[in-house]
Amino acid sequence: MELEAIPGVGAKTAAALRELDDPAATVESGDVAAIARAPGVNEARAARIARGAIRRRHDDDGRVLATDRARELYREAIDLLRERTVTDYAAKRLETFYPSASASRVAEAQAFAAEATDRDPDPAVREALADCAPLSDPPTVRVRDRCLATADAETLARAEAEVPELSVETVEDARDVSELGRSYASVIVLDESFAGLDVEGDVSVRPDALENPAETVPERLLAFFAENRERLEAAAAVHEAAAAAGDPVSGSDPDDGGDADPPVDLDRLRDALSRLDDDGTIAGDAELDRLTAAVDDLDAAVSTAASVADDRLREAIRERDVTIEGTDFLSLVEQGARVDSLLDRELADEYDAAVDAAREHLADALRLEPEEAELAERVFGGDPSFPVDHDESAVSRVRTELSAARDRRAAKLKADLASDLGDLREPVEALVRDALELDVELAISRFARDFDCAMPDVVDPEDADADAGFRIEGGRSPLLDVDFADVEPVDYAVSGATLLSGVNSGGKTSTLDLVALVVVLAQMGLPVPAESATVERFEEIHYYAKSQGTLDAGAFEATLRDFGDLVDGADGRLVLVDELESITEPGASAKIIAGILEALDDQDATAVFVSHLAREIRDAAEFEIAVDGIEAAGLVDGELRVNRSPKKGHLARSTPELIVEKLADDRGGEFYGDLLEKF
């Protein structure tokens, strides 16, 4: 795939996407979280990229939402869905659903939505989703005890680019490698020409080291799992909650022989994570903990051991009567009170016992193994002294040996754990992705359940057996400012150009909103709030909201230009217009609307114009305009009683006519009768 060919992807974004492991496949997958891992690409941007990739895959370069009001309805539909998500990922992922004129895209989205609506939005699953989030890439880990070495400039550049965690050193011969062996705990030589090299230190020749990063720098894989521990545990909890609810994340039915298991063994994953600390180091290994503590506590343990020896020797001196000859006394004074010779002659056994106590304490405090304790014995000894002295060079040797043992143990454990986690890297990606996608599905399922939705039939306008336009049965708008349970159902079907008449506050605008919402959702491939619906797959949706008052000359001209462009456009459009007559005086409005409807009729467009001038528009038109009406049953206690479903072929009475009729019935008289006749 040519990334720049995706709508909305320029050179800079394409360069960022190429930083992904498999940019083409990632973008094609529509996985918003995976796309968002490209440098500088947030989830909102990733959703737009995914949507662009979907458009390209379906050769869908049209824009169905042609007006501001149509786009507003789309945003309101998306918001209804987003309100039912748990994760930020799902809220962004829903942005990849858009009204499409592509039959393949609508069918693809409908297949996803159909499976989603079968989901049971179990509260336990939604609770588990609360902690679920996309995986993230940890910062680059710097490993300072290991390096790569090469004599080749090209290999050097490649190693620096592919393994930024390690220093890459230039070497020319075995002497250079030997020097590195003294500076680093481990050296990996990348050139096969150094095979058979025999130098001191942990030096290995591995020409394939760059092809096996998990073995070369296991810290990279461990850092990834440490960084994402909570996300992985949350995703695992989602899978378990869904399985317990009898609705596995995989969507397979175990009773039908399907594999409902998550993509990774959760017990194995948790066991591996338990061996990993939050900073990417090894956890839970007693031997590594012992060596680490021994290195960290060495200086303090030496100091304490010396104090133990001093205490033992001080007590021995207190309990002994020591005779000092004159020459010894004079020697002590001349030598600044040195007691080495006195201790050696008078308290040799006690001094040896004090040193043994120091050695024993040091070995016990650091929990040294026998061979380590033997090395540590050299820390105390030598010429007698008080306070008891220690050999700093011996301490340094002990520290070096313990540090080397610690590093060897850590390296082995890291390699072993990285080996265990290596084949889990891709499965855990799927584990988290499936959990997040479940939130998308559950949002659609909740939407369908909350608003009593059904999957609509979206028909090809060129299908000879298909009725053009739309048909809605039992439609109820979730956009009304009332409880959805209190919304009255509406049946309405239109094919061709139609006028919708009705009383004020009778529901004409809400009917237009319902029609627009149903069509938008249908062409998004999603369920619609109706008992059933059939919708033509429109190329464009034009929805013009009610104008706020009469327009001045300039605005009026601009509005006519918009409608001029509309009627000059392509076929396959839905046009919804709410009280266009308010833009100018009624007489002129009726003629203008009649002319627009004539042009739309010639194009076989589906159009619904809400107007209080239906009679005047019908009289001005040169073709037989269909007129539907939202009929008021009458006035009850001063309030309208309305049949919300438009009545086909019926010019609805206006509110003034109803009031005059009521007065004529209630009060009688020639005056009210004459007024009623004028209607």
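Residues numbered from 1 in each chain as written. Predicted model: local features only at pLDDT ≥ 70, side-chain atom pairs only at ≥ 80, totals over all residues. Heavy atoms only, no water.

## A look at the pattern of salt bridges
Where charged atoms from two side chains of opposite charge come close, those side chains can pair. Within this structure, the stated rule accounts for 44 salt bridges. For R55, the salt bridge goes to D60, with nearest N and O atoms at 3.9 Å. The class of D60 is buried, set by a relative accessible area of 6%. One network of salt bridges, in which partners are shared, links E28, R57, R105 and E108. (Salt bridge = Lys/Arg side-chain N within 4 Å of Asp/Glu carboxyl O. Buried < 20%, exposed > 50% of the residue type's maximum accessible area, 1.4 Å probe, protein only.)

## Here we look at the packing of helix 12 (residues 218-227) against helix 21 (residues 425-450)
It is at 12 Å that the axes of helix 12 and helix 21 come closest, and there the two elements cross at 20°. Between helix 12 and helix 21, the interaxial angle falls into the category roughly parallel. Crossing hand, helix 12 versus helix 21: left-handed. Note on element contacts: helix 21 touches helix 12 through R425, V428 and E429, opposite L221, F224 and F225. Of the residues contributing to the contact of helix 12 with helix 21, the split by class is four nonpolar, no polar and two charged. (Axes fitted to C-alpha atoms, helices over the stretch in contact; angles between N-to-C directions. Helix = DSSP H or I, 4+ residues; strand = E, 2+ residues; numbered from the N terminus. Parallel < 35°, antiparallel > 145°, perpendicular 65-115°, else oblique. Left-handed = near helix turned anticlockwise from the far one by under 90°. Contact = heavy atoms within 4.5 Å. Nonpolar A, V, L, I, M, F, W, Y, C, P; charged D, E, K, R; others polar.)

## Concerning the layout of surface pockets
The calculated volume of the largest pocket comes to roughly 1300 Å³. Lining the largest pocket we find 36 residues, and of these D21, R37, D137, R425 and E429 sit closest to its centre. Elements with a contribution of two residues or more to the lining of the largest pocket: helix 2 (23-29), helix 11 (213-216), helix 12 and helix 21. Estimates place the volume of the second largest pocket at around 520 Å³. Elements that contribute at least two residues to the lining of the second largest pocket include exactly strand 3 (186-189), helix 11, helix 12 and helix 20 (392-422). (1 Å grid on protein atoms, 1.4 Å probe; cavity = no way out; pocket = protein on both sides within 12 Å on 5 of 7 lines; lining within 4 Å. Points joined across faces, edges and corners; volume = space filled by probe spheres on them.)

## So, the packing of helix 12 against helix 20
One can describe the packing of helix 12 onto helix 20 by two numbers: an axis separation of 9 Å at closest approach and a directional angle of 60°. Between helix 12 and helix 20, the crossing angle belongs to the class labelled oblique. Considering only the axes of helix 12 and helix 20, their crossing is left-handed. Between helix 12 and helix 20, the contacting residues are P218, E219, L221, L222 and F225 on the first element and K414, A415, L417, A418, L421 and G422 on the second.

## Describing the sheet that holds strand 2 (residues 167-170)
Across the sheet, which stays open at both edges, the four strands sit in the order 2-1-3-4 with parallel pairing between neighbours. Either end of the sheet is taken by a strand with one partner, and the two such strands are strand 2 and strand 4 (203-205). Here the strands of the sheet are splayed against their neighbours by 25° on average, with no regard to which way each runs. Two strands pair when backbone bridges link them, and strand 3 and strand 4 are joined in this way by three bridges, in the parallel orientation. Opposite V189, over in strand 4, you have V205 as the bridge partner. Strands in contact with helix 10 (residues 174-183) are strand 1 (146-150), strand 2, strand 3 and strand 4; relative to strand 3, the strand with the most contacts, it is inclined by about 150°. (Pairing = 2+ DSSP bridges.)

## Let's talk about empty space enclosed by the protein
Across all of its chains, the model carries two cavities of 30 Å³ or more by this definition. Put simply, the largest cavity is a space of about 90 Å³. Taken together, D31, A33, A34, R37, P134, L135, E429, V432, R433 and L436 form the lining of the largest cavity. Those elements that provide at least two residues to the lining of the largest cavity are helix 3 (32-35) and helix 21.

## A word on unusual backbone geometry
Excluding glycine, a negative phi dihedral is what most residues carry, and trans is how most peptide bonds are arranged. In this model, D59 sits at a positive phi of 50°, which is unusual for a non-glycine residue. Mapped onto the elements, D59 comes out in the loop between helix 4 (43-57) and helix 5 (68-82). Taking the relative accessible area as the measure of exposure, D59 reaches 65% and is therefore exposed. Positive phi outside glycine occurs at E579, with the angle close to 50°.

## Some details on the pairing of strand 2
Within a regular beta strand, the side chains point alternately toward one face of the sheet and then the other, so they alternate between its two faces. Note: strand 1 against strand 2, four bridges, orientation parallel. Bridge pairing in strand 2 links C147 to S167. Assessed by its sense of winding, the connection that carries the chain from strand 1 through helix 9 (residues 153-162) to strand 2 is right-handed. (Right-handed = clockwise from strand over helix to strand, strands pointing away.)

## Quick word on a negative patch on the surface
Taken together, the side chains of E127, D131, E230 and E233 present a region of like negative charge at the surface. With respect to the helices and strands, E230 occurs in helix 13 (residues 229-244). You can call E230 exposed: its relative accessible area is 67%. (Patch = residues over 30% accessible without salt bridge, like charges linked within 9 Å, V, L, I, M, F, W, Y side chains within 5 Å. Areas by Shrake-Rupley, 256 points an atom, 1.4 Å probe, with all protein chains shown as cover. Lys, Arg positive; Asp, Glu negative; His and termini not counted. Charge placed at Lys NZ, Arg CZ, Asp CG, Glu CD.)

## Comments concerning the packing of aromatic side chains
As enumerated under the stated definition, the model contains five aromatic pairs in all. Between the aromatic rings of F447 and F451, the centroid separation amounts to 5.3 Å while the plane-to-plane angle is 70°, which identifies the pairing as edge-to-face. On the accessibility criterion, F447 (1% relative accessible area) is buried. Overall, F451 belongs to the buried group, its relative accessible area being 7%. The interplanar angle of 70° and the centroid separation of 5.9 Å between the aromatic rings of F470 and Y492 together place this pair among those described as edge-to-face. Taken together, the residues span a long stretch of sequence, with F470 in strand 6 (residues 470-475) and Y492 in strand 7 (residues 490-494) at a distance of 22 residues. Chaining the aromatic ring pairs together yields one cluster made of F447, F451 and F484. In this structure, R93 packs its charged tip against the face of F112, placed 5.5 Å from the ring centre. Above the face of the F224 ring, R425 is positioned so that its terminal group lies 3.6 Å from the ring centre. (Phe/Tyr/Trp six-rings, centres within 6.5 Å; stacked < 30°, edge-to-face > 60°. Lys NZ or Arg CZ within 6 Å of the ring centre and 35° of its normal.)

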